[in-house]
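Residues per chain, in single letters:
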Amino acid sequence: MLKKTTGIILILLTLCLFTGCLFSLPTDHLGKIKGDVTCDFRAGRNATHMNETVKTDAVFDKDRFVELYNEDAKYDPAFYKHHLNRLDLRINVEEEREEFEEIAASEVNFRAAFDGKNRHVSLFRYDSKLYFFVLSMGGASQPDEQGYYYKEVPKKMADYWNPIYDKVIADKEADRKLTYGSFNVEEAKSHDGKFTAKVLIGSGMVTVQIIDNETDSIVSSFKPCGKGQFYGICWENDRYSLWVQTDTSYKICYSMKESRWDWQIEEGARMPDYIKGRYD
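In this text the structure is predicted, and so the values were computed from the model without any measurement.

Close approach of charged atoms lets side chains of opposite charge pair. Scanning all chains against the criterion turns up 15 salt bridges. With a closest N to O distance of 3.2 Å, lysine 167 and aspartate 57 form a salt bridge. Taken together, the positions of lysine 167 in helix 5 (residues 155-176) and aspartate 57 in the loop between strand 1 (38-43) and helix 2 (62-73) put the pair 110 residues apart, joining distant regions of the chain. We classify lysine 167 as partly exposed; its relative accessible area is 32%. A relative accessible area of 58% means that aspartate 57 is categorised as exposed. A salt bridge links arginine 97 to glutamate 101; the shortest N-O distance between them is 3.3 Å. Here arginine 97 pairs with glutamate 101, and both are found in helix 4 (residues 97-105), just four residues apart, close to one helical turn. Its relative accessible area of 40% is what places arginine 97 among the partly exposed residues. For glutamate 101, a relative accessible area of 7% gives the class buried. By sharing partners, the salt bridges in this structure join Arg45, Arg97 and Glu101 into a single network.

Glancing now at the sheet that holds strand 10 (residues 217-226). One open sheet accounts for four strands, arranged 7-8-9-10; its pairing is antiparallel. In this open sheet, the two strands that pair with only one neighbour each are strand 7 (187-189) and strand 10. Strand after strand, the sheet turns through a mean of 20 degrees between neighbouring axes, direction not considered. Of the strand pairs in this sheet, strand 8 (residues 195-201) and strand 9 (residues 205-212) are connected by seven bridges, and their pairing is antiparallel. Note that in strand 9 the partner of alanine 197 across the bridge is isoleucine 210.

Further remarks concern the pairing of strand 12 (residues 241-246). Of all six residues in strand 12, six are buried, a share of seventy percent or more. Bridge count between strand 11 (residues 230-235) and strand 12: four bridges; the pairing is antiparallel. By the bridge assignment for strand 12, cysteine 234 is matched with tryptophan 243. Where strand 11 hands over to strand 12, the hairpin turn is made up of five residues, counted between the paired strands. As paired strands, strand 12 and strand 13 (residues 251-256) are joined by five bridges and run antiparallel to one another. The residue of strand 13 that forms the bridge with valine 244 is isoleucine 252.

Counting buried positions over the seven residues of strand 3 (residues 108-114) gives six, a clear majority of the element. In terms of strand pairing, strand 1 meets strand 3 through six bridges, oriented antiparallel. The partner of threonine 38 across the bridge, within strand 3, is alanine 113. Two elements, strand 3 and strand 4 (residues 117-126), share seven bridges in a ladder whose sense is antiparallel. If you follow valine 108 over to strand 4, its bridge partner there is leucine 123. Hairpin connection between strand 3 and strand 4: a loop of two residues separates the two successive antiparallel strands, and aspartate 115 in this loop has a positive phi of roughly 50 degrees.

Thresholds applied
Residues numbered from 1 in each chain as written. Predicted model: local features only at pLDDT ≥ 70, side-chain atom pairs only at ≥ 80, totals over all residues. Heavy atoms only, no water. Salt bridge = Lys/Arg side-chain N within 4 Å of Asp/Glu carboxyl O. Helix = DSSP H or I, 4+ residues; strand = E, 2+ residues; numbered from the N terminus. Buried < 20%, exposed > 50% of the residue type's maximum accessible area, 1.4 Å probe, protein only. Pairing = 2+ DSSP bridges. Axes fitted to C-alpha atoms, helices over the stretch in contact; angles between N-to-C directions.

This is the structure we're talking about:
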């Protein structure tokens, strides 16, 4: 019986190879979780690699997590790089920079620790839908296929995870309203009150406007980073130089040059010691 079954499987595999009927095998599989589970959440660009977790009371069912994990594991990049048409969303970074920043910043990473193991899954949101990231393609050798590719989360699964996703994002945004060190996430006035830097957080990139308070006019506007990277702005105490803090502890300095209309990144600028960042 075993030989007969093996023979049938080999015939089917041979037929698939000749007909081009390839299929994707799961890259990993998680069985039923027994016992207690500790869950935590990370949110923002590169959430998978963050040490900092979101302060939230959101929870998830462990059986639902197993379903989500195994669904994500189905989409093997080695298979789908030859079947890109089976994926649901492509974003070309070169042509769709803001769209890429939006979906990159939308990442929420769900992590479960149990029985000495640690498993996690990331979900991304774009145009009100949840996605798994599958692979990136392109470069000089494949310019026509360049892009980041995603698979939409099945609707019934998304219906369960969307409220949890929303809760984590809302709690992260509430925490974001705090001042991080010397930095503020909403607005800040220059040392003499002449200028106000105002933050506009959209769906993708963060926009910073420099407003002349005497004329109430916008004299400059720039987009320093994505929404998920932004951790506030801060002026220097004695000149028109504005610092922007990001989630990687990287800080960018924008300074007024020849006129109030001329604001540029000051390469090589050294942040004064009296300005304290989130992690300082």
